Structures are given as C-alpha cells and as structure tokens.
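Structural features, examined
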Amino acid sequence: MDKETIERLRKRASQHFLDSIAVKHEAEKTLPESVARGILAMVDCLKSGGKIMACGNGGSAADAQHFAAELIGRFERERQELAAIALTTDSSILTAVGNDYSYDDVFSKQVRGLGKKGDILIGISTSGNSKNVVKAIEVAKKLGMKVIALTGNGGGKIANLLDKEDIHLCAPSTRTARIQETHLVLLHALCDGVDHILLD
C-alpha cells in the first residue's frame, strides 16, 4: 500500500471533518432561534390537524424522506405518529407530471392537490434556486400554508419568497456537501424539538 497516497487521503478526509465542524459552528451562532420558531410552527400545525409536506431534489429528496419517516415513525423516543408526507416518493406522480407537464411542477401539483391552509411545506434546496421547490413554495403561500425553507448559498430565489410568518434555515456555506450536512442537523433539531414539546 502506497503510504504517500494513504497520507494524502487521510489529510483530505480530515479536512472534510474540519470544514463540516466550521460550518456547523457558524450555523449554531445564527440558526437556533429560527429552529425554535420552526418547531413551534410544526407543533401548532400538527395539533390543529394539519400535516407537514417535504420536498427536495437528489440528496435533499433523501432528506425530505428521512424527515417524514422520523415524524411518521419515531425520532429517538416512542410517540404517536405525526402527519408527514415526502413529496419525492410516488414514482407514478413524479413521472406522470414530469412527462405530461414539466419536472418543474412535480411538487407544486402535489401541494395544490394535498395541501390546505394551516399545513406546512418544508422546501429543501441547497442552492435556494431549485425550480420545482420554488414553484411548490409559491403554491403553498397561495394556499395559506407556512413554509420552512432549508437552503444554502445565501438562500437564492427562495429567500425572496418568504415572509415573516415563514422560517428560513440557510446553512452558512456555498459547498453542497457542507450545506447538506448542516441540513441534516437542522432536521434532527426540528424532530427533537417537536418531541420535547409533545412529550416533556
């Protein structure tokens, strides 16, 4: 085994940890109050009989599904099921809408068909510019839904769609990997806070 290659790769791996820690440390300075607002909005929604819908593309789609699974199933403690839907999972809807209309509409059509005033849309986009997430947020706002947006890169177009009733959790990074890592912490913090309010 080439020791020089191993050492080079060790240093690269180490730098990923250091970079991730730095972004999370910066996020901890600015985002916890917004996380708290998001938790309370989610609890109010769920207690009022509403539901939480989540969407995103690629790794953000995986995050949306992960988040919905932890609400329907459990996070760290046993509790009742919580109403959550990932809009990224129905292959027939995604392919039909993508084929018959546009991929830009795959989430907005689901929000229009399933959403109602009092529900929450969690829109996840590392760039803040994903067209289908932008359109989903636009529909959610028209329906009177609150939006919790997880972005990076300064928030992109999504930042301009939000108002004071919405929650913007913008990871302080321009690197997709670092933004995604921070999004996972934010989603876990939301789950933990909901459980704390409901169970403690």
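Our subject is the structure listed above.
A brief report on the enclosed structure follows. (Residues numbered from 1 in each chain as written. Predicted model: local features only at pLDDT ≥ 70, side-chain atom pairs only at ≥ 80, totals over all residues. Heavy atoms only, no water.)

Notes on the pairing of strand S3 (residues 120–124)
Stated precisely, the cut-off is as follows: Burial classes follow relative accessibility: with a 1.4 Å probe on protein chains only, a residue under 20% of its type's maximum area counts as buried, one over 50% as exposed, and anything between as partly exposed. Going along the chain from the N terminus, every DSSP run of H or I of four or more residues is numbered as a helix, and every run of E of two or more is numbered as a strand. Pairing between strands is defined by DSSP: at least two bridges between the two strands are required.
The buried fraction of S3 amounts to 5 of the 5 residues, a majority that puts the element mostly inside the structure. The side-chain alternation of S3 yields two buried faces, one formed by Ile120, Ile122 and Ile124 and the other by Leu121 and Gly123. Bridging between strand S1 (residues 52–55) and S3 involves 4 bridges; their strand directions are parallel. Each residue of the ladder has a partner; that of methionine 53, found in S3, is leucine 121.

Description of the pattern of salt bridges
Put simply, the test is: Whenever a carboxyl oxygen of Asp or Glu lies within 4 Å of a side-chain nitrogen of Lys or Arg, that contact is scored as a salt bridge.
Here the structure, examined in full by the defined rule, presents 12 salt bridges. Glutamate 26 serves as the salt-bridge partner of lysine 29, at 3.6 Å between the closest nitrogen and oxygen. Taken together, the positions of lysine 29 and glutamate 26, both in helix H1 (residues 3–30) and 3 residues apart, correspond to about one turn of that helix. With relative accessibility at 54%, the residue lysine 29 sits in the exposed group. We note a salt bridge from lysine 51 to aspartate 119, for which the minimum N-O separation is 2.7 Å. Separated by 68 residues along the polypeptide, lysine 51 in the loop between helix H2 (32–47) and S1 and aspartate 119 in the loop between helix H5 (108–114) and S3 bring together distant segments of the chain. Aspartate 119 sits in the buried class, given a relative accessible area of 1%. A single salt-bridge network, built from bridges that share partners, covers Lys51, Lys116 and Asp119.

Considerations on the packing of H2 against helix H8 (residues 176–199)
Let me state the cut-off plainly: Note on geometry: axes are lines fitted to C-alpha atoms, helical ones only across the stretch in contact, with angles between N-to-C directions running from 0 to 180 degrees. Relative orientations are named as follows: roughly parallel for angles under 35 degrees, roughly antiparallel for angles over 145 degrees, roughly perpendicular for angles from 65 to 115 degrees, and oblique for any other angle. The crossing is said to be left-handed when, going from far helix to near helix, the turn is anticlockwise and less than a right angle, and right-handed when the turn is clockwise. Between two residues, a contact is recorded if the distance between any of their heavy atoms is within 4.5 Å. Three residue categories are used. Nonpolar comprises Ala, Val, Leu, Ile, Met, Phe, Trp, Tyr, Cys and Pro, charged comprises Asp, Glu, Lys and Arg, and polar comprises the others, including Gly.
Two elements in contact, H2 and H8, have axes whose closest approach is 9 Å; the angle formed by their N-to-C orientations is 55°. Taken as axis vectors, H2 and H8 run oblique relative to one another. Judged by the twist between their axes, the crossing of H2 over H8 is right-handed. Each of Val35, Gly38, Ile39, Leu40, Met42, Val43, Leu46 and Lys47 in H2 lies in contact with H8, whose residues at this interface are Leu186, Ala189, Leu190, Gly193, Val194, Ile197 and Leu198. Of the residues contributing to the contact of H2 with H8, the split by class is 12 nonpolar, 2 polar and 1 charged.

Remarks on the side chain of threonine 151
Which entries qualify depends on this criterion: The term polar contact refers here to a pair of N or O atoms within 3.5 Å; inside protein, the definition further demands a hydrogen-donor-capable atom paired with an acceptor-capable atom, and it admits residues adjacent in sequence only when both atoms are side-chain atoms.
You can see threonine 151 is positioned in strand S4 (residues 146–151). Judged by relative accessible area, which is 0%, threonine 151 ranks as buried. A distance of 2.7 Å separates a polar atom in the side chain of threonine 151 from a polar atom in the side chain of histidine 168. Apart from the residues within four sequence positions on either side, threonine 151 is in contact with Ser125, Thr126, Gly128, Ile158, His168, Leu169, Cys170, Ala171, Ile179 and His183.

Here's the deal with the sheet that holds strand S2 (residues 84–86)
One key point about sheets: their strands pair by backbone hydrogen bonds, in either a parallel or an antiparallel sense. If you walk across this open sheet you meet the 5 strands as S2-S1-S3-S4-S5, and the pairing is parallel. Every interior strand has two partners, whereas the edge strands, S2 and strand S5 (167–170), have only one. Across the sheet, the mean angle separating the axes of adjacent strands is 15° when strand polarity is ignored. Against the sheet, H2 engages S1, S3, S4 and S5, with an angle of about 135° to S5. H8 rests against S3, S4 and S5 of the sheet, and its axis sits at about 145° to S4.

Considerations on a nonpolar patch on the surface
Rule in force here: Only residues whose relative accessible area exceeds 30% and that form no salt bridge are eligible for patches; like-charged ones are grouped when within 9 Å, while nonpolar side chains (Val, Leu, Ile, Met, Phe, Trp, Tyr) are grouped when within 5 Å. To measure how exposed things are, a 1.4 Å probe is used in the Shrake-Rupley method; for residues, cover is taken only from the protein chains shown.
Taken together, the side chains of Leu40, Ile197, Leu198 and Leu199 make up a nonpolar region of the molecular surface, amounting to roughly 300 Å² of accessible area. It is H8 that contributes the most residues to the nonpolar patch, 3 residues altogether. Topologically, leucine 40 is positioned in helix H2.

Quick look at unusual backbone geometry
Leave glycine aside and you will find that most residues have negative phi; peptide bonds, for their part, are mostly trans. Residues other than glycine seldom take positive phi values, yet asparagine 153 does so here, at roughly 55°. Among the secondary structure elements, asparagine 153 is positioned in the loop between S4 and helix H7 (156–159). The class for asparagine 153 is partly exposed, based on a relative accessible area of 34%.

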